[in-house]
Amino acid sequence: MAQLPIITAPDPRLKLKAKPVTRVDDQIRRLMADMLETMYAAPGIGLAAPQVGVAKRILVVDCAREGEAAAPLKIANPEILWRSTELMTNSEGCLSLPEHYADVTRAAEIQLRYLDEQNEIREMHAKGLLATCIQHEIDHLEGTLFVDHISALKRGIILRKLAKAKRQKSPVPA
Ligand SMILES: [Zn+2]
């Protein structure tokens, strides 16, 4: 397994619509394992393939709380079959927008269909933090970031700060 570099906003690769996986094979399984390792190391609770520069519909999450056993999920081609009308607001962060947080309102519960790492079709019901996290990661597959759910004013402030942080990190041209 290997850790992969995480792309931070603003970056055009985070705005692409990811393509479905035709089959979860060894190559995809390796990517899923690397994404999980990258997510744990960050640390984070979710990571989508576009965040590591792969425009494929793949995500990994682990929303186990501290002290609970690890609960990794490896998901390809996720499809939300049902969303509750009940909504939930959470303070969200993102490994691609480091150190920024904002309240985002999403469905409190979802029913999901996806391909697991054995290429089997599975269905699951998610609520609470897991439902929020999966919806956040699926957004990445559509080129949507959590800041796209907040006001243009707040989004502008966050993206300008990130762009500035990036410029400061870039090496000075010799
Ligand atoms: Zn994210």
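This text goes with the structure placed above it.
Quantities reported herein were computed from a predicted structural model and do not represent experimental measurements.

Draft legend 1. Spotlight on the overall build of the protein. The helix and strand inventory of the protein stands at 3 helices and 7 strands. Secondary structure elements of the protein, listed N to C terminal, follow the sequence α-β-β-β-β-β-β-β-α-α. Scaling as 2.2 N^0.38, a compact globule of 174 residues should have a C-alpha radius of gyration of about 16 Å, and the protein matches this with 16 Å. For the protein, the C-alpha atoms occupy an extent of roughly 50 × 40 × 35 Å along the three principal directions. Looking at the protein as a whole, 43% of its 174 residues are labelled buried. Counting only contacts in the protein whose residues sit at least 6 apart along the sequence, the fraction spanning at least 24 positions is 64%. Each charge sign in the protein was given a centre, from 24 positive and 22 negative side chains, and these centres are 8 Å apart.

Draft legend 2. Up close: the coordination of the zinc ion. Listed as protein donors to the zinc ion are C94 (SG), H136 (NE2) and H140 (NE2); their distances from the metal cover 2.1 to 2.3 Å. When the donors of the zinc ion are listed by position in the chain, the intervening gaps give C-x41-H-x3-H. Here C94, found in the loop between β4 (87-92) and β5 (102-107), pairs with H140, found in helix α2 (residues 128-141); they are 46 residues apart in sequence, far enough to count as distant. Comparing C94 with H140 shows no difference in burial state: the two are buried.

Draft legend 3. Spotlight on helix α1 (residues 26-41). Taking 1.5 Å per residue, 16 residues should reach 22 Å; α1 reaches 22 Å between its end C-alpha atoms and fits that length. If you check which residues of α1 are buried, you get I28, L31, M32, A33, D34, M35, L36, T38 and M39. Contacts from the buried residues of α1 go to β1 (46-48), β2 (58-61) and β3 (73-83).

Draft legend 4. Region of interest: the pairing of β3. Inspection of the sheet shows β2 paired to β3 by 4 bridges, in the antiparallel sense. Across the sheet, V61 pairs through a bridge with L73, a residue of β3. Strand direction decides the pairing type here: β3 and strand β6 (residues 109-115), joined by 5 bridges, are antiparallel. Among the inter-strand pairings, E79 is bridged to a residue of β6, identified as R113.

Draft legend 5. Looking closely at the layout of surface pockets. Roughly 420 Å³ of volume is contained in the largest pocket. Lining the largest pocket are 23 residues; nearest its centre among them are I45, E92, G93, C94 and L95. Looking at the lining of the largest pocket, the elements with two or more residues in it are β4 and α2. Across the lining of the largest pocket, the residue classes break down as 10 nonpolar, 10 polar and 3 charged.

The rules behind each value
- Positions within a chain are numbered from 1, following the residues in the order the chain's sequence is written.
- Since the coordinates come from a predicted model, pLDDT governs what is reported: local features require at least 70, and pairs of side-chain atoms require 80 or more to be given and counted, while whole-chain, interface and lining totals use all residues.
- Only hydrogens and water are set aside; all other atoms, that is, all heavy atoms of the structure, feed into the side-chain values.
- Secondary structure is summarised from DSSP: a helix means a run of H or I of at least four residues, a strand means a run of E of at least two, and numbering begins at the N terminus for each.
- What the globule rule says is 2.2 Å times the number of residues to the power 0.38, and the radius of gyration is computed from C-alpha atoms.
- Each residue is placed in one exposure class: buried if its accessible area under a 1.4 Å probe, protein chains only, is under 20% of its type's maximum, exposed if it is over 50%, and partly exposed if it falls in between.
- Whether two residues are in contact is decided by their heavy atoms, any of which lying within 4.5 Å being enough.
- The charge count includes Lys and Arg as positive and Asp and Glu as negative, but it does not include His or the ends of the chains.
- For charged residues, the charge sits on one atom: NZ in Lys, CZ in Arg, CG in Asp, CD in Glu.
- Each metal's donors are the N, O and S atoms within 2.8 Å of it, or within 3.2 Å when it is Na, K or Ca, and because water is not part of the set, sites may look incomplete.
- Helices are assigned an expected span. That span is 1.5 Å times one less than the residue count.
- DSSP calls a pair of strands paired once it identifies at least 2 bridges connecting them.
- Using a 1 Å grid laid over the protein atoms alone, points where a 1.4 Å probe fits but cannot get out form a cavity; open sets with protein on both sides within 12 Å along at least 5 of 7 lines form a pocket; any residue with an atom within 4 Å of a point counts as lining.
- Grid points are joined across faces, edges and corners, and a volume is the space filled by probe spheres set on the points.
- Only Asp, Glu, Lys and Arg are considered charged in this grouping, and only Ala, Val, Leu, Ile, Met, Phe, Trp, Tyr, Cys and Pro are considered nonpolar; every other residue, Gly among them, is considered polar.

By themselves, these figures tell us nothing about what the structure is for.
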